[in-house]
Amino acid sequence: MRVLIVEDELFLAEAIRDSLRLEAIAADIAGDGDTALELLSSNSYDIAVLDRDIPGPSGDEIAKRVVASGSGMPILMLTAADRLDDKASGFELGADDYLTKPFELQELALRLRALDRRRAHHRPPVREIAGLRLDPFRREVYRYGRYVALTRKQFAVLEVLVAAEGGVVSAEELLERAWDENADPFTNAVRITVSALRKRLGEPWVIATVPGVGYRIERIERLE
């Protein structure tokens, strides 16, 4: 999952980003409305976390544009105002959830996962392919019934590959979906992570490298 945090209090925004990283959720930060709109236009996000009171176009204006775009991207609004009419106006603008400051970072992560479940209600909650069973909400992976312990980043990469259902995923797309905007596009992090992930999953190798293109899940029969 990749989210955009629109928050002008840098300390809070960085705390949110670092906390979400521990939950294997990639997060980018926008400190004002103009930056938020620029990132939304150039990147693909699963959820937007909007502070309503920010410099430039307000969180309310950004919410209106997200809704008008028809993307269906869920919006979680952050605000210091806890009056019922403030919350009502936020929901009327298109917010899917509301969190009043101050809040617990763990609660934010739980709400984001709940929004992602609702967003993805049309997809099977558990994916199975090539002997793999991946539960994105329990954060569990099994290979031929054997539990496989993965790091947060390995899980995030595998989640993207499994979702492609055998289709090729480029290194650039993996970098975009499993890392955040601060990732170095020239890094070999993707290659190293995929190599380690392949070994964790064991033989027969389930992640195939398509030279010059990317990676895909190999639909292979288990060797007895």
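The structure this text deals with has already been given above.
Quick notes on the rules
Residues numbered from 1 in each chain as written. Predicted model: local features only at pLDDT ≥ 70, side-chain atom pairs only at ≥ 80, totals over all residues. Heavy atoms only, no water. Buried < 20%, exposed > 50% of the residue type's maximum accessible area, 1.4 Å probe, protein only. Helix = DSSP H or I, 4+ residues; strand = E, 2+ residues; numbered from the N terminus. Arc of directions from axis to C-beta. Contact = heavy atoms within 4.5 Å. Salt bridge = Lys/Arg side-chain N within 4 Å of Asp/Glu carboxyl O. Pairing = 2+ DSSP bridges. Axes fitted to C-alpha atoms, helices over the stretch in contact; angles between N-to-C directions. Right-handed = clockwise from strand over helix to strand, strands pointing away.

Asp 86, Gly 90 and Leu 93 are the residues of helix α4 (residues 84-93) that are buried. Across the axial projection of α4, the buried residues extend over an arc of 60 degrees, all falling on one side. What points out from α4, more than 90 degrees from its buried face, is the exposed set Leu 84 and Glu 92. Its buried side turned inward, α4 meets α3 (59-69), β4 (75-79) and β5 (97-100). Of the residues trailing α4, Gly 94 is marked for its positive phi of about 120 degrees.

On to the pattern of salt bridges, then. Opposite charge on two side chains makes pairing possible when the charged atoms of those side chains draw close. The tally for this structure, following the rule as stated, stands at 14 salt bridges. Lys 101 is the salt-bridge partner of Glu 9, the closest N and O atoms lying 3.8 Å from each other. One end of the pair, Glu 9, is in the loop between β1 (2-6) and α1 (10-21); the other, Lys 101, is in the loop between β5 and α5 (105-119), with 92 residues separating them in the sequence. The exposure class of Glu 9 is partly exposed, given its relative accessible area of 43%. For Lys 101, a relative accessible area of 17% gives the class buried.

On to the sheet that holds β4. Taken in spatial order, the five strands line up as β2-β1-β3-β4-β5 in an open sheet, and their pairing is parallel. Looking at the sheet topology across the chains shown, the edges are occupied by β2 (26-30) and β5. The mean inter-strand angle of the sheet, taken between neighbouring strand axes irrespective of direction, is 20 degrees. Examined bridge by bridge, β1 and β2 share five bridges and lie parallel to one another. Considered in β2, the bridge of Val 6 is made with Ala 30. Packed onto the sheet, α4 meets β4 and β5 and runs at close to 145 degrees relative to β5.

For a regular strand, the rule is simple: side chains alternate between the two faces of the sheet. Burial runs high along β4: five of the five residues are buried. Side chains of β4 alternate between two faces, with Ile 75, Met 77 and Thr 79 and Leu 76 and Leu 78 buried alike. Where strand β3 (residues 47-51) lies against β4, four bridges are found, and the strand directions are parallel. The partner of Ala 48 across the bridge, within β4, is Ile 75. Note on the crossover from β3 through α3 to β4: the handedness is right-handed. Pairing analysis gives four bridges linking β4 to β5, with the strands arranged parallel. Bridge pairing in β5 links Leu 78 to Leu 99.

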